[in-house]
Amino acid sequence: MTGYIKLREKALHMLRTQLPDNLYYHGIHHTLEVMRVCDDYLRREKITGREAKLLRLGALLHDIGFTVSNKNHEDHGVDIARQLMEEFEFEKRDFRVIKGLILATKIPQRPKTKYERILCDADLDYLGKNNFDAISDTLYKELKSLGIIRNKTEWDMVQVKFLEAHQFHTKYACKHLQPNKQDHLQALKQKVESKTLG
């Protein structure tokens, strides 16, 4: 995997220079955070070598399609990954892994492999964290700027639906993030109820 470092450098440059300014949630900061969380999983599960590099690349490339469009960004991401991996002479089997990783993060998530499960949980790690409100506010700001959400009340209702449908996929997230996610869901439900009753 000789082109690994060069591909990383080029992908990071694309993310730094080609993402729209109104991606308050899906900016490069999100990609870097997902990579950091994936590194935690790699350490916990003692994953090394080729598998570790591919998971890191999947994390790096999972939202690169936003450089093209916020619609079907996963499909655009697969196309970009293919071009980059051909340019840096990766094997076809490596591209197949990356394609699976990127597409697994599409909502609703449907991961099939261990590494896809890790990336999916790393991508939505904030759902079970204490900074949930702050991060969900950045997503609200992004969706509002794109005309997808109109106001906070609508957003809270969307979040309740999303959290109810979402499930974590790794043992770690089910044990350590799920309880916190349930707390966030309950708080949101109470908020929505008080607004609809009020």
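Just so it is clear, the model here is predicted, and its values are computed rather than measured.

Asker: Got a minute to help me understand the overall build of the protein in this structure?
Answerer: Looking only at helices and strands, the protein features ten helices and zero strands. In the protein, the succession of helices and strands from N to C terminus is α-α-α-α-α-α-α-α-α-α. The C-alpha atoms of the protein give a radius of gyration of 17 Å, which matches the 16 Å a tight globule of 198 residues would have. Projected onto the principal axes, the alpha-carbon positions of the protein cover approximately 60 × 35 × 20 Å.

Asker: Could you clarify how one ought to interpret helix 4 (residues 73-87) in this entry?
Answerer: Each α-helix winds once per 3.6 residues, and so residues spaced three or four apart point in a common direction. Here helix 4 contains 15 residues, and its C-alpha end-to-end distance of 21 Å stays within 8% of the 21 Å for a straight helix at 1.5 Å per residue. All of the buried residues in helix 4 are His73, Glu74, Gly77, Val78, Ile80, Ala81, Leu84 and Met85. For helix 4, the secondary structure elements touched by its buried residues are helix 1 (4-18), helix 3 (49-61) and helix 5 (92-104). Glu89 occupies a position one or two residues after helix 4 and carries a positive phi of about 55 degrees.

Asker: Hey, could you run me through the packing of aromatic side chains in this one?
Answerer: By convention here, two paired aromatic rings are described through the distance between centres and the angle between planes. A complete count under the given rule lists four aromatic pairs for this structure. For the cation-ring pair, Arg44 lies above Tyr172, with the distance from its terminal atom to the ring centre recorded as 3.5 Å. Positioned over the ring face of Tyr24 is Lys141, at 4.2 Å from the centre of the ring.

Asker: Can you help me understand the pattern of salt bridges in this one?
Answerer: A side chain of one charge can pair with a side chain of the opposite charge if their charged atoms are brought near each other. One pass over the full model with this rule turns up 15 salt bridges. Between Glu33 and Arg36 there is a salt bridge, with its nearest N and O atoms 2.8 Å apart. Of this pair, Glu33 and Arg36 are both found in helix 2 (residues 28-45), three residues apart, which corresponds to roughly one turn of the helix. We classify Glu33 as partly exposed; its relative accessible area is 35%.

Asker: What am I meant to see in the nonpolar core here?
Answerer: In globular proteins that are soluble, nonpolar side chains generally tend to be buried together. One finds Leu7, Cys38, Leu61, Leu84 and Ile98 to be the most contacted residues of the largest nonpolar core, which totals 56 residues. The greatest single-element share of this core, amounting to seven residues, is contributed by helix 3. With near-sequence residues (within four places) excluded, Leu61 lies in contact with Leu7, Ala11, Ala81, Leu84, Ile98 and Ile102.

Asker: Would you mind going over the side chain of His166 with me for this structure?
Answerer: Assignment of secondary structure puts His166 in the loop between helix 8 (152-165) and helix 9 (171-176). Its relative accessible area of 10% is what places His166 among the buried residues. Apart from residues lying up to four places away in sequence, His166 is in contact with Gln109, Leu124, Leu127 and Lys181.

Asker: Would you mind showing me how to read the packing of helix 5 against helix 6 (residues 114-123) here?
Answerer: When two helices pack together, their arrangement is given by the angle between the helix axes and the distance between those axes. Between helix 5 and helix 6, the least distance of the axes is 9 Å, while the angle of their chain directions is 40 degrees. One finds that helix 5 runs oblique with respect to helix 6. The way helix 5 lies across helix 6 gives a crossing that is right-handed. On helix 6, the residues touching Gly100, Leu101 and Ala104 of helix 5 are Tyr115, Glu116, Leu119 and Cys120. Broken down by class, the residue content of the contact of helix 5 with helix 6 amounts to five nonpolar, one polar and one charged.

Cut-offs applied
- Residues numbered from 1 in each chain as written.
- Predicted model: local features only at pLDDT ≥ 70, side-chain atom pairs only at ≥ 80, totals over all residues.
- Heavy atoms only, no water.
- Helix = DSSP H or I, 4+ residues; strand = E, 2+ residues; numbered from the N terminus.
- Rg over C-alpha atoms; globule rule 2.2 N^0.38 Å.
- Expected span 1.5 Å × (residues − 1).
- Buried < 20%, exposed > 50% of the residue type's maximum accessible area, 1.4 Å probe, protein only.
- Contact = heavy atoms within 4.5 Å.
- Phe/Tyr/Trp six-rings, centres within 6.5 Å; stacked < 30°, edge-to-face > 60°.
- Lys NZ or Arg CZ within 6 Å of the ring centre and 35° of its normal.
- Salt bridge = Lys/Arg side-chain N within 4 Å of Asp/Glu carboxyl O.
- Core = buried A, V, L, I, M, F, W, Y, C linked by side-chain atoms within 4.5 Å.
- Axes fitted to C-alpha atoms, helices over the stretch in contact; angles between N-to-C directions.
- Parallel < 35°, antiparallel > 145°, perpendicular 65-115°, else oblique.
- Left-handed = near helix turned anticlockwise from the far one by under 90°.
- Nonpolar A, V, L, I, M, F, W, Y, C, P; charged D, E, K, R; others polar.

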